[in-house]
Amino acid sequence: MHNNEVDIHYYATEIRKLAAVHQAGKPLGEVKAKVDLLIQSMKETLGSDKTWQAEKWEELLSELNIYLTNKVDPRWMTVISHAKFRIKSRRQTAVYARKHFRS
């Protein structure tokens, strides 16, 4: 058990809720900003262990992928794609740091 346990399902659900809010008419810029804040709050919760961070980012990506089909609304997809782009970036940063800054 890691001391920075993170509820991946919570973050995936919140991202999906934000996608639905955009689909319902909220401006994309506002929704993207909220997605970014949510991802930042998850990053702060994860702590400094880069291996742990990379694992959790990967879990979140997997959870978001479950809901991607060719039948989803394009506005919904735009928000999910934005979130996935940000999460992949965080994951890559964690992987890079783990490989290059081992103590």
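Residues numbered from 1 in each chain as written. Predicted model: local features only at pLDDT ≥ 70, side-chain atom pairs only at ≥ 80, totals over all residues. Heavy atoms only, no water.

Enquirer: Tell me what's going on with the overall build of the protein chain, and back it up with residues and numbers.
Expert: When you go through the protein chain residue by residue, the secondary structure sums to 4 helices and 0 strands. Since a compact globule built from 103 residues should have a radius of gyration of about 13 Å, the 14 Å found for the protein chain is in line with a globular shape. When the backbone C-alpha atoms are referred to their principal axes, the protein chain occupies close to 50 × 25 × 25 Å. Per-residue burial for the protein chain yields a buried fraction of 36% across its 103 residues. Considering only intrachain contacts with a sequence separation of at least 6, the fraction spanning at least 24 residues in the protein chain is 72%. (Helix = DSSP H or I, 4+ residues; strand = E, 2+ residues; numbered from the N terminus. Rg over C-alpha atoms; globule rule 2.2 N^0.38 Å. Buried < 20%, exposed > 50% of the residue type's maximum accessible area, 1.4 Å probe, protein only. Contact = heavy atoms within 4.5 Å.)

Enquirer: Just give me the short version of the pattern of salt bridges, but keep the residues and values in it.
Expert: In total, this model carries 6 salt bridges according to the counting rule given. K56 is the partner of E59 in a salt bridge, and the nearest nitrogen-oxygen pair spans 3.0 Å. You can see E59 and its partner K56 sitting in helix α3 (residues 50-65), 3 residues apart, about one turn around the helix. When its relative accessible area of 35% is taken as the criterion, E59 is described as partly exposed. Between D73 and R75 there is a salt bridge whose closest N-O contact spans 3.0 Å. In this structure R75 comes out as partly exposed when scored by relative accessible area, which is 39%. (Salt bridge = Lys/Arg side-chain N within 4 Å of Asp/Glu carboxyl O.)

Enquirer: Lay out the packing of aromatic side chains in plain terms, naming residues and giving numbers.
Expert: Throughout the structure, instances matching the rule amount to 1 aromatic pair. With a centroid separation of 5.0 Å and an interplanar angle of 80°, the aromatic rings of Y10 and Y11 are classed as edge-to-face. What makes Y10 partly exposed here is its relative accessible area of 39%. (Phe/Tyr/Trp six-rings, centres within 6.5 Å; stacked < 30°, edge-to-face > 60°.)

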